[in-house]
Amino acid sequence: MIRVLVVDDDFMVAKVHSGYVNRTPGFTVVGAAHSGAAALNMARDERPDLILLDIYLPDIDGLTVLRELRADPATVDIDVIVITAARDVDTIRGSLRGGALHYLIKPFTYSALRDQLDHVGSLHRKLAQLSSRPAAAQHEVDDVFGGRPRSTAPLPKGLTEQTAELVRAALTEHPEGLSATECAHVTRLSRPSARRYLEHFAETGQAEVRLRYGGTGRPERRYHWRG
């Protein structure tokens, strides 16, 4: 599990963002901080893997928090995603220079945050695989540095975000892949409906299609969520 600290001065916003994190497979919230000082203290005490960091805080701003995290050996390796209403270039530049993985502008949808969490999860898996090897090849380094998440494509007419989330969750919970029939069974959708969502994810690059060949007949299309 990737452990997440949520930092936001608004208690209700922090609660919403915590809910987003907890509904994402592989992630769990270890705490919520509502000031910069509290964020730094909790980061040192809890040692989360990831911080969702607001910029507008009541005591010290998020960029100062980010700089202090990077200056402290105990917190220097914590990943950070900046989440803020700030749109000015100086704040964006400061977040980039401070080593933030990404910058989300409020308000945003669960899908937008989910894309970034999936990216963090993917990075953790890739780095864990590389750590077992004496050296990394260039293409593996390129994959780590260049593997930015794809933006969530708009749904075609007739597809709904709620059902898309249902199919997405089914795929992420079954890393071995699902056929359209299996997905329909898991989600309790009709097979044609499940297939439409699966094909949409495949066409937009969010899912990968692999063919499984049996004894006779056409090969079975199996869908795997890209993580």
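Everything numeric here is computed off the predicted structure, so don't read it as measured data. (Residues numbered from 1 in each chain as written. Predicted model: local features only at pLDDT ≥ 70, side-chain atom pairs only at ≥ 80, totals over all residues. Heavy atoms only, no water.)

> Hey, could you run me through the overall build of the chain in this one?
What the chain contains, in helices and strands, is nine helices and seven strands. Once the C-alpha set of the chain is aligned to its principal axes, its extents read approximately 65 × 45 × 30 Å. When burial is assessed residue by residue, the chain has 43% of its 227 residues classed as buried. Summarising the internal contacts of the chain: among those between residues at least 6 apart in sequence, 60% fall at separations of at least 24. For the chain, the accessible area works out to roughly 12,200 Å², and carbon and sulfur atoms hold 53% of it. Once the 29 positive and 29 negative side-chain charges of the chain are each reduced to a mean point, those two points are 8 Å apart. (Helix = DSSP H or I, 4+ residues; strand = E, 2+ residues; numbered from the N terminus. Buried < 20%, exposed > 50% of the residue type's maximum accessible area, 1.4 Å probe, protein only. Contact = heavy atoms within 4.5 Å. Areas by Shrake-Rupley, 256 points an atom, 1.4 Å probe, with all protein chains shown as cover. Lys, Arg positive; Asp, Glu negative; His and termini not counted. Charge placed at Lys NZ, Arg CZ, Asp CG, Glu CD.)

> Sorry if this is basic, but what is going on with the sheet that holds strand S1 (residues 2-7) here?
The strands making up a sheet are joined through hydrogen bonds of the backbone, oriented either antiparallel or parallel. Taken in spatial order, the five strands make up an open sheet running S2-S1-S3-S4-S5, and their pairing is parallel. On the outer flanks of this sheet lie strand S2 (27-33) and strand S5 (102-105), each paired with one strand and no other. Sheet twist, expressed as the average angle between the axes of neighbouring strands with direction ignored, equals 20°. With four bridges joining them, strand S3 (residues 50-53) and strand S4 (residues 79-84) adopt parallel strand pairing. (Pairing = 2+ DSSP bridges. Axes fitted to C-alpha atoms, helices over the stretch in contact; angles between N-to-C directions.)

> Would you mind showing me how to read the packing of aromatic side chains here?
Centre-to-centre distance and the angle between the planes together describe a pair of aromatic rings. Here the structure, examined in full by the defined rule, presents two aromatic pairs. Look at Tyr20 and Tyr110: their rings are 5.4 Å apart centre to centre, the planes differ by 50°, and that puts the pair in the tilted class. Placement of Tyr20 in helix H1 (residues 11-22) and of Tyr110 in helix H5 (residues 110-130) is noted, with a sequence separation of 90 residues between them. Residue Tyr20 is classed as buried on the basis of its relative accessible area of 19%. With a relative accessible area of 7%, Tyr110 lands in the buried category. For the ring pair Phe201 and Trp225, a centre distance of 5.1 Å and an interplane angle of 90° mean the geometry is edge-to-face. Here Phe201 is found in helix H9 (residues 191-203), whereas its partner Trp225 is found in strand S7 (residues 220-225), with 24 residues between them in sequence. Take Trp225: its relative accessible area is 16%, and that puts it in the buried class. (Phe/Tyr/Trp six-rings, centres within 6.5 Å; stacked < 30°, edge-to-face > 60°.)

> Just checking my understanding: could you explain the environment of Ser193 for this structure?
Within the fold, Ser193 resides in helix H9. With 34 residues separating them along the chain, Ser193 and Leu159 place their C-alpha atoms 8.9 Å apart.

> How do you make sense of the nonpolar core when you look at a structure like this?
For soluble globular proteins, nonpolar side chains are generally found buried alongside one another. Ranked by size, the top nonpolar core spans 20 residues in total, and within it Val7, Ile51, Leu53, Val65, Leu69 and Val80 carry the most contacts. Breaking this core down by element, the ones donating at least two residues are S1, helix H2 (36-46), S3, helix H3 (62-71) and S4. The element best represented in this core is H3, accounting for four residues. When sequence neighbours within four positions are dropped, the list of residues in contact with Val65 reads Gly36, Ala39, Leu40, Leu53, Leu57 and Ile60. Grouped together as the second largest cluster of nonpolar side chains are 17 residues, Val4, Ala14, Tyr20 and Ile81 included. (Core = buried A, V, L, I, M, F, W, Y, C linked by side-chain atoms within 4.5 Å.)

> Would you mind going over the packing of helix H7 (residues 161-172) against helix H8 (residues 180-187) with me for this structure?
Between two packed helices, the angle of one axis relative to the other and the distance separating the axes together describe the packing. Orientation of H7 relative to H8, taken along the N-to-C sense of each, is 110°, at an axis distance of 10 Å. One element, H7, and the other, H8, form an angle in the roughly perpendicular class. At the point where H7 passes H8, the crossing takes the right-handed sense. Contacts from Leu166, Val167 and Ala170 of H7 reach H8 at Cys183, Val186 and Thr187. Looking at the contact of H7 with H8 residue by residue, the class counts come to five nonpolar, one polar and no charged. (Parallel < 35°, antiparallel > 145°, perpendicular 65-115°, else oblique. Left-handed = near helix turned anticlockwise from the far one by under 90°. Nonpolar A, V, L, I, M, F, W, Y, C, P; charged D, E, K, R; others polar.)

> Help me out: how do you make sense of the pattern of salt bridges in this one?
Pairing is possible between side chains that carry opposite charge, provided their charged atoms lie close to one another. Within the structure shown, the criterion is met by 13 salt bridges. When the shortest N-O distance is used, the salt bridge between Glu46 and Arg3 registers 3.5 Å. Here Glu46 is found in helix H2, whereas its partner Arg3 is found in strand S1, with 43 residues between them in sequence. Glu199 is the partner of Arg221 in a salt bridge, and the nearest nitrogen-oxygen pair spans 2.9 Å. Of this pair, Arg221 sits in strand S7 while Glu199 sits in helix H9, and the two are 22 residues apart along the sequence. You can call Arg221 partly exposed: its relative accessible area is 30%. Taking relative accessible area as the criterion, Glu199 reaches 17% and is therefore assigned buried. Connected via shared salt-bridge partners are Glu182, Arg212, Glu220 and Arg222. (Salt bridge = Lys/Arg side-chain N within 4 Å of Asp/Glu carboxyl O.)

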